[in-house]
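# Structural overview
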Amino acid sequence: MAIDYPAVLELREEGRRFEWTEREVMLYAVGVGMGADPLDEKELRYVYERDLCVLPTFASVAAWGAGITPERIGLDRRRTLHGEEQTVLHRPIPLAGSIVADSRVIAIYDKGADKGAVVVRETVLKSADDGEPIATLTRTAFARGDGGFGGPEQGGTSAPQRPARAADRTIDLPTRHDLALLYRLSGDRNPLHADPQVARAAGFERPILHGLCTYGLTCRAVLQAFCDYDASRIASHGARFSAPVLPGDTVSVDMWQEGKTIFFEARVNARDVVVIKNGMTVLR
């Protein structure tokens, strides 16, 4: 099935309902490594019900399964990669919630028959009680096998450019060898992250960590370095995925502050690979 442009821009999925409780909030936080030190009282607030807080990137899994599927767009799922993610917080995420998710395709770019397509999808999470938005998720996919459909070649916003100086802060975040197995309990059950046979068939030596788990790790780093673990300080958090993390890797997050903007990159020094590029957090 080929991409039908511009009709693909009219695709909608509206009114899907989702709910969560404190349990899902804590499970997500454990799934991105919070609470590894049981004596760290600041992280304990995200994994223990006393004075519980919600990580801003919980929004990325709160309505897992919502969105326009690759098949509806006309993409080959097997050759489609999650390229970028941005979360904009309109108000604090509640400890327990009932929401309505509205999704659409907001842009698609044709890079050529031999280069693929870039697809940008949006999901707005709204309170089921008052209809007001809680968060907007913008998810960009690189569809390597679906170029040449006749759409525009370029568009969208330019990638954020970090300052040309040494990082202001660097935080090293070790990951557990079983972290992907924990994280997948928040929604993404892709066997690539759990089944060694599936991982090897995809060209990896072993199951890899979810990109959105690495995304959550970078949010943890910003919270620790610049927000004193106050989640309400984060207005938006976005990044581009450049390479997978292997469970057990130590992820080093380099951060630069320019006013209320935090630029960041993440790398795994032991394998000499950059895993997150073009990261940017805006603080309130």
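Note that the structure is a prediction, hence the values are computed from the model and not measured.

Quick notes on the rules
- Residue positions are counted from 1 within each chain, in the order its sequence is given.
- Only residues with pLDDT of at least 70 are given local features in this predicted model, and only at 80 or more are side-chain atom pairs given and counted; all residues enter the totals for whole chains, interfaces and linings.
- For the side-chain quantities, the full set of heavy atoms in the structure was used; hydrogens and water were omitted.
- Under the scheme applied here, a residue whose accessible area is under 20% of the maximum for its type counts as buried, over 50% as exposed, and between as partly exposed, the area being computed with a 1.4 Å probe on protein chains only.
- Strands are runs of DSSP state E lasting at least two residues, helices are runs of H or I lasting at least four, and both sets are numbered from the N terminus onward.
- For two strands to be treated as a pair, DSSP must find no fewer than two bridges joining them.
- For Phe, Tyr and Trp, where Trp contributes only its six-membered ring, two rings pair if their centres lie within 6.5 Å, and the inter-plane angle classes them as stacked under 30 degrees, edge-to-face over 60, or tilted in between.
- In this analysis, the protein atoms alone were mapped onto a 1 Å grid. Cavities are point sets where a 1.4 Å probe fits without being able to get out; pockets are open sets with protein on both sides within 12 Å along at least five of seven lines; lining residues have an atom within 4 Å of a point.
- Grid points are joined across faces, edges and corners, and a volume is the space filled by probe spheres set on the points.
- Residue classes follow a fixed rule: Ala, Val, Leu, Ile, Met, Phe, Trp, Tyr, Cys and Pro count as nonpolar, while Asp, Glu, Lys and Arg count as charged, and any other residue, Gly among them, counts as polar.
- Interaxial angle, 0 to 180 degrees, is taken between N-to-C directions of lines fitted to C-alpha atoms, where a helix line uses only the stretch in contact.
- Two residues form a contact once any of their heavy atoms are found within 4.5 Å.

Attention now goes to the pairing of strand β3 (residues 97-110). In terms of residue burial, β3 counts as a mostly covered element, since eleven of its 14 residues are buried. Here seven bridges tie strand β1 (residues 12-20) to β3, and the two strands are oriented antiparallel to one another. Residue pairing across strands places R16 opposite A101, the latter belonging to β3. By the bridge criterion, eleven bridges tie β3 to strand β4 (residues 117-127) in an arrangement that is antiparallel.

Another point: the packing of aromatic side chains. What the rule picks out here adds up to five aromatic pairs. On the numbers, 5.9 Å between centres and 50 degrees between planes, the contact of Y5 with F149 is tilted. Here Y5, found in the segment before β1, pairs with F149, found in the loop between β5 (133-143) and β6 (169-174); they are 144 residues apart in sequence, far enough to count as distant. Taking relative accessible area as the criterion, Y5 reaches 29% and is therefore assigned partly exposed. Note on F149: relative accessible area 16%, which makes it buried. Clustering of aromatic rings is evident, with ring pairs tying together W20, Y28, F58 and Y183.

What follows concerns empty space enclosed by the protein. Taken as a whole, this structure holds one cavity of 30 Å³ or more when the rule is applied. The wall of the largest cavity is formed by W20, A59, A62, I93, I99, L125, I134 and A135. Elements with a contribution of two residues or more to the lining of the largest cavity: α3 (59-62) and β5. Residue composition of the lining of the largest cavity, by class: eight nonpolar, no polar and no charged.

Another aspect to go through is the pairing of β4. Counting buried positions along β4 yields ten of eleven residues, so the element is predominantly enclosed. Counted along the chain from β3 to the antiparallel partner β4, the turn is six residues long, and its residue G112 has a positive phi close to 115 degrees. Bridge count for β4 against β5 is ten bridges, and the pairing is antiparallel. Looking across to β5, one finds that E122 is bridged to T138.

Let us look at unusual backbone geometry. The amide bond that connects Y5 to the next residue, P6, takes the cis arrangement and shows omega of 10 degrees. Its place among the elements puts P6 in the segment before β1. For D228, which is not glycine, the phi dihedral falls at a positive 50 degrees. Mapped onto the fold, D228 is located in the loop between α7 (211-226) and β7 (234-241).

There is about 1,500 Å³ of room inside the largest pocket. In terms of lining residues, the largest pocket is bounded by 50 residues, among which T80, L81, H82, D188 and N190 are the most central. Elements that contribute at least two residues to the lining of the largest pocket include exactly α3, β2 (80-89), β4, β5, α7 and β10 (273-283). Looking at the lining of the largest pocket, the element that brings in the most residues is β5, giving five residues. For the lining of the largest pocket, the class distribution of residues is 27 nonpolar, 15 polar and eight charged.

Next up on the list: the sheet that holds β6. The strand order across the open sheet built from ten strands is β1-β3-β4-β5-β2-β7-β10-β9-β8-β6, with neighbouring strands paired in antiparallel fashion. With one partner strand each, in any of the chains shown, β1 and β6 form the two edges of the open sheet. Averaged over all pairs of adjacent strands, the angle between their axes in this sheet comes to 20 degrees, without regard to strand direction. Docked against the sheet, α7 engages β2, β5, β6, β7, β8 (250-258), β9 (261-268) and β10, running at close to 135 degrees with respect to β7.

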